[in-house]
Amino acid sequence: MARFTGKVAAVTGAGSGIGAAAALRFAAEGAAVLVSDINLASATQVAAEISKSGGRAVALRTDVASESDVAALVDRAVAEFGRLDVMVNNAGIGGLETSVDTIEDAAWRKLMSINLDGVFYGVKHAARVMKVAKVRGSIVNVSSILGLVAFEHAVAYTAAKHGVVGLTKAAALELAPLGIRVNTVNPAFIKTPLIAGLEEAVLPLHPAARLGTPEEVAALICFLGADEASFVTGASYLVDGGYVAK
Ligand SMILES: NC(=O)c1ccc[n+]([C@@H]2O[C@H](COP(=O)([O-])OP(=O)(O)OC[C@H]3O[C@@H](n4cnc5c(N)ncnc54)[C@H](O)[C@@H]3O)[C@@H](O)[C@H]2O)c1
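- Within an unreviewed UniProt entry, the label attached to the chain reads SDR family NAD(P)-dependent oxidoreductase, and the organism entered is Pseudogemmatithrix spongiicola.
- Comment text from UniProt for the chain, heading Sequence similarities (unreviewed entry), reads "Belongs to the short-chain dehydrogenases/reductases (SDR) family."

1. Some details on the nonpolar core
Point 1. Counting 36 residues, the largest nonpolar core has Phe26, Val33, Val35 and Ile221 as the members making the most contacts within it.
Point 2. Going through the elements one at a time, strand 1 (8-11), helix 1 (17-28), strand 2 (32-37), helix 2 (40-52), strand 4 (86-89), strand 5 (138-142) and helix 7 (214-225) are the ones with two or more residues in this core.
Point 3. Per-element tally for this core: the top contributor is helix 1, with seven residues.
Point 4. Grouped together as the second largest cluster of nonpolar side chains are 27 residues, Val8, Val74, Met87 and Ile139 included.

2. A closer look at the packing of aromatic side chains
Point 1. Scanning the model with the defined rule gives four aromatic pairs in all.
Point 2. Each ring, one from Phe4 and one from Phe26, has its centre 4.9 Å from the other, and the planes form 70°; the classification is edge-to-face. One end of the pair, Phe4, is in the segment before strand 1; the other, Phe26, is in helix 1, with 22 residues separating them in the sequence.
Point 3. Exposure remark for Phe4: the relative accessible area of 1% places this residue in the buried category.
Point 4. Since its relative accessible area comes to 0%, Phe26 is described here as buried.
Point 5. Ring pairing ties together the aromatic residues Phe151, Phe189 and Tyr243, which thus form one cluster.

3. A few points about the sheet that holds strand 5
Point 1. On the basis of which strands lie adjacent, the open sheet formed by seven strands has the order 3-2-1-4-5-6-7 and parallel pairing. Every interior strand has two partners, whereas the edge strands, strand 3 (56-61) and strand 7 (236-239), have only one. Between one strand axis and the next, the sheet turns through 20° on average, direction left out of account.
Point 2. Across four bridges, the pairing between strand 1 and strand 2 is parallel. The residue bridging Val11 from the neighbouring strand is Val35, located in strand 2.
Point 3. Contacts between helix 7 and the sheet are confined to strand 4, strand 5, strand 6 (181-187) and strand 7, with strand 6 contributing the most and set at about 165° to the helix.

About the criteria used
- Residues numbered from 1 in each chain as written.
- Predicted model: local features only at pLDDT ≥ 70, side-chain atom pairs only at ≥ 80, totals over all residues.
- Heavy atoms only, no water.
- UniProt positions renumbered as here; feature names shortened; annotations may be inferred.
- Core = buried A, V, L, I, M, F, W, Y, C linked by side-chain atoms within 4.5 Å.
- Buried < 20%, exposed > 50% of the residue type's maximum accessible area, 1.4 Å probe, protein only.
- Helix = DSSP H or I, 4+ residues; strand = E, 2+ residues; numbered from the N terminus.
- Phe/Tyr/Trp six-rings, centres within 6.5 Å; stacked < 30°, edge-to-face > 60°.
- Pairing = 2+ DSSP bridges.
- Axes fitted to C-alpha atoms, helices over the stretch in contact; angles between N-to-C directions.
- Contact = heavy atoms within 4.5 Å.

And the structure:
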């Protein structure tokens, strides 16, 4: 039997890159998937791909910086499919090319509102419905290697991604007695539109001598989402081609 038969997964930022790869893999392994993105057209395309392959998916527009949007996404999972088993808080934006002494408040706030507040809303509302329904669910937050180490000219991004690691640990402690697990994945540079233009500069930083693929991150997300990871919570997992080991 497929790992996610009878389960329901919601993925934010699922119209592109890592989120799209995760949504496709959850569906291929039997889950009904809520494919959510701020860009409804791209979410609709991913959901259509799932349906074409015989899977179950619903596309919806969610801006993760809006708590009411995230609450509605989670409630839609329950309304449409009866439950929520796996929540993947993946949506994020890049934030390079700023300096600590010149970054504008608006740029800092925008990045925090999507890359940190957005994950907080996802954890909060997934926990709310899992708790009520007594679902022993899994919440997977997409941080970054920059949740563990820093990068020049990425002060807000680095701070937000470190914040995701702390939020994950704190939430995991509270939810562990209920059987709800919360973990973080920490990818190095992955070939997606988010890093367009940076590929050549960052490739030599990876001992594996290549960038990662969205599918390689999705494999880790799905492991953490599945019951086989039943004793894994409050943890951060690198998927980085050796970047942080160097
Ligand atoms: N690509 C990398 O090198 C890399 C490395 C480490 C971590 N990450 C993280 O992985 C996650 C996914 O990034 P990706 O590389 O797949 O990027 P991507 O640009 O391919 O996909 C991100 C998706 O998020 C959506 N999005 C943006 N703002 C949103 C919002 N406010 N609400 C909802 N959706 C929104 C975009 O429309 C897009 O579809 C991000 O959190 C990113 O920080 C990426």
